[in-house]
Amino acid sequence: MTGTYPGSGVDPWAVLRATPTALVQTDAEGRVVVWNPAAERLFGYTVQEILGEPDPLSPQDQVAVFERLASPGTTDRLPQQDPQRDPPERSHRQCLRKDGTAVEVEICVVPVRGAEDEIVGVLTSYDDARPLDPDHETHLERGHRQEAIAMLGQQALSTVDLQELLERAIRLVSDYLDLPVVCLALTDRRSEELRYTATFGWRCPPACAVPPESLAQQVVDRGEVRVLPRITDRQASIDGIVGAPPVHSCAGVPLGGERRLFGAITAYARQPAAFGEEEMHFLKTVANIVAAATGRHEAESQIRYRAFHDALTDLPNRELLHERLGHCLRSDPHSRLRTALLLIDLDGFKDVNDSQGHQVGDQVLRQVADRVRRRLRNSDTVARLGGDEFAVVLDRMQDNNQVVMIAQELADLLREPFDSPGGQISLSGSIGIAVSPDHGSDTHVLLQRADLAMYRAKRERTEVEFFDPGFDETAGSRLWMVKDLRAAIEGNQLGVAFQPVIDLFTNNVASVEALARWHHPQRGPQPPLQFVGLAEQNGLIGGLTDLILRETLVQCGAWLEAGRSIPVAVNLSPALLSSTDYASYLIEKIIESGIPPWMIRFEVTESALASEAAVATLRRIHDFGTKISVDDFGTGWSSLGRLKQLPVDTVKIDRSFVTDMTADTKDTAIVRSVVALAQDLQLRTIAEGVETPQVAQALVRLGVQRAQGFLYSRPVTGSALSTWYDSWQLGRRRLPTPYADRTS
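Fair warning: this is a prediction, and the values are worked out from it, not measured in the lab.

### Regarding the nonpolar core
Core analysis: the biggest nonpolar cluster contains 96 residues, and F602, V690, L699 and Y712 have the highest contact counts within it. The element that contributes the greatest number of residues to this core is helix 18 (residues 541-561), accounting for eight residues. Excluding anything up to four places from it in sequence, F602 contacts L549, V570, L572, L586, I590, I621, T626, K627, I628 and S629. Core analysis: the second largest hydrophobic core is formed by 34 residues, L172, A274, F275 and A293 among them.

### Regarding unusual backbone geometry
Of the consecutive residues S436 and P437, the connecting peptide bond is found in the cis state with omega at 10°. For P437, the position within the fold is in the loop between strand 14 (428-436) and helix 15 (443-460). Notably, A273 is not glycine yet its phi reads approximately 50°, a positive angle. Here A273 lies in the loop between strand 10 (261-269) and helix 10 (277-307). Owing to a relative accessible area of 58%, A273 belongs among the exposed residues under this scheme.

### A look at the pattern of salt bridges
Under the criterion given, the structure shown has 22 salt bridges. In this structure, D468 engages R456 in a salt bridge whose closest nitrogen and oxygen atoms are separated by 3.8 Å. Pair noted here: D468 is in the loop between strand 15 (464-466) and helix 16 (473-490) and R456 is in helix 15, with a separation of 12 residues, a long-range link. In this structure, the salt-bridge partner of E688 is K652, at a minimum N-O distance of 3.5 Å. Note that E688 is positioned in strand 23 (residues 684-688) and K652 in strand 22 (residues 650-653), a separation of 36 residues in sequence.

### Some remarks on the pairing of strand 10
With eight of nine residues buried, strand 10 is to be regarded as a mostly interior element. Examined bridge by bridge, strand 6 (residues 181-187) and strand 10 share six bridges and lie antiparallel to one another. When the bridges of strand 10 are listed, L186 appears paired with G263. Bridging between strand 9 (residues 249-256) and strand 10 involves eight bridges; their strand directions are antiparallel. Along strand 10, the bridge assignment pairs G256 with L261.

### Focus on the packing of helix 13 (residues 358-375) against helix 14 (residues 400-415)
Each pair of packed helices gets described by two things: the angle between the helix axes and the distance between those axes. At a minimum axis distance of 10 Å, the contact between helix 13 and helix 14 shows a crossing angle of 150°. When the interaxial angle is binned, helix 13 and helix 14 end up roughly antiparallel. With respect to the hand of their crossing, helix 13 and helix 14 are arranged in right-handed fashion. The segment helix 13 lies against helix 14, with V368, R371, V372 and R375 engaging I406, E409, L410, L413 and L414. Across the contact of helix 13 with helix 14, the residue classes break down as six nonpolar, no polar and three charged.

Each value, and the rule that gives it
Residues numbered from 1 in each chain as written. Predicted model: local features only at pLDDT ≥ 70, side-chain atom pairs only at ≥ 80, totals over all residues. Heavy atoms only, no water. Core = buried A, V, L, I, M, F, W, Y, C linked by side-chain atoms within 4.5 Å. Buried < 20%, exposed > 50% of the residue type's maximum accessible area, 1.4 Å probe, protein only. Helix = DSSP H or I, 4+ residues; strand = E, 2+ residues; numbered from the N terminus. Contact = heavy atoms within 4.5 Å. Salt bridge = Lys/Arg side-chain N within 4 Å of Asp/Glu carboxyl O. Pairing = 2+ DSSP bridges. Axes fitted to C-alpha atoms, helices over the stretch in contact; angles between N-to-C directions. Parallel < 35°, antiparallel > 145°, perpendicular 65-115°, else oblique. Left-handed = near helix turned anticlockwise from the far one by under 90°. Nonpolar A, V, L, I, M, F, W, Y, C, P; charged D, E, K, R; others polar.

Next comes the structure, spelled out in structure tokens:
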């Protein structure tokens, strides 16, 4: 059994490994599961050769104890492991060492109980029983001492309250060493001061600080045992032993492991030179048990703390927020005072992560936590729910005006610049408010309604919004979809499908287009036009595009490795193109992927061409070597006159003019005009929405070079596209070639 409790620096089984007493634990079948170093020294077997093997020492004792205590009716008497129920069984006998020689030992056997109070094994202690100095034997009865140590060790391995265990430990030292004063001091984890935690024989204030020159402080500072055979009244006074019985010698032993010392046990005797070998052996054993129990308690406390607090900001997390909000709602349901819940979402935070990295983003989140926490009262709660979303519970508010005032102050704080290694960062926040009892008296209802108000504040850019009971369900549903979409993007839960583009004159695969796909866990597949539009309207398009680009580059690289040279097109939003550094970002991602620039195409809508900033971005990535296509061409004629000035290689004719063109002469006329314009400007044409061979043949007759649509393939996953591509390239002549009809 090895390992350390996180953050404690103490081995949880230090009581077994470090105690001078030989300890052996066996399981229900009598196999050895613990064999400490003292057992190695006493019996000669190493832990490596004995673990998992039958116990060679006294299996008959262990089997008898196990069978007796595990018999029906013996495990129902008390709800928890308790020394009163399982008294140690002592005996004196000879045991054989590994080399065959005999050794006299005192044996103490106690059962070990599991989490369900069942007997799961037996713990046996062995003490060398060779004759000692008669003075020592009269001073301390070895059998009683061993029994006490075994019981204390059993308590330390069970769920006994830590403070109770500490007080039992020092009382045990006092009783069995006949000492008037025993003290136990632990380091306070916040102040790092050494404080008396348990004392026997004299009174001291609770958590009294240990004097700087005291014996306990010396033990912790030096990390070693200290024995003072003779002490003066001055030393006793320095140690703080005031008003206690007169003492003339003392000893101290450290608590803790090699990684960290966190306390000391100090013992004081009436007579000089009272701490000999036997007394120190006993004192060290108790100290080892206390160290293991304290380390375990610290670890469990930290685990509980981490379970309810955010690791980055040290704020309460969602679980603790629910608990505290529920407590506020239950505390006085008939009071005229109000409980307000504020949900805060940072605006523009994703750009910080993307441009400056997550390390800088984490620094900003810590600053947000500090600002909000400093503004609130001790009775209020601020929690981090994840990402850049925070929550605030305002307890016992007089009225809504008071709530709005605090929310606005928080919004003002979020607009103040944040510090970062690259300079100051400006952000803002959207805050949604729900108040009990006006908007509900249930934690989940308040969270839902504060969430709706927050997304409304984000959409309307009002910073602060109260939940409106008249807020229509359609709008509420839309906001929930935005929230789910945000979570899906941040959790990398969206997929990418690929649809091929076919060269109409060779029937070869010219390229593929990458398309976002979202399968909502409750609502199923979502229409791309709907959720892409939501992403554009709610500031999520950057994250969505990043996800699609990342997955596309990975898939493109996989195709290249497999010998498939398939250019891929990715759609870009006009909102992203207006950013001055977005071109650098795209170029950097392509370089990092190792994909040749000519294999990457970017598609933009006509509206993007109206912005000079967007055109500048397109020029930069076009100069880098990527291709640019204008998507849905023909739906926004305002940019036609500028095409000759723009970095465009291809125009994609919108499906609304293609799908029914064989039955609508107006559609045919529009397609003919677009093709003529593209030929004059030396641009390639791609027709979208091709679903029948007749439409494909008509496109060829009009001079359209490439086509995309269900006639060839629906959008499919990357692996499915690989299979389709291999089959198409090998058997493409089986599909009637539109070019064959062009000459007829």
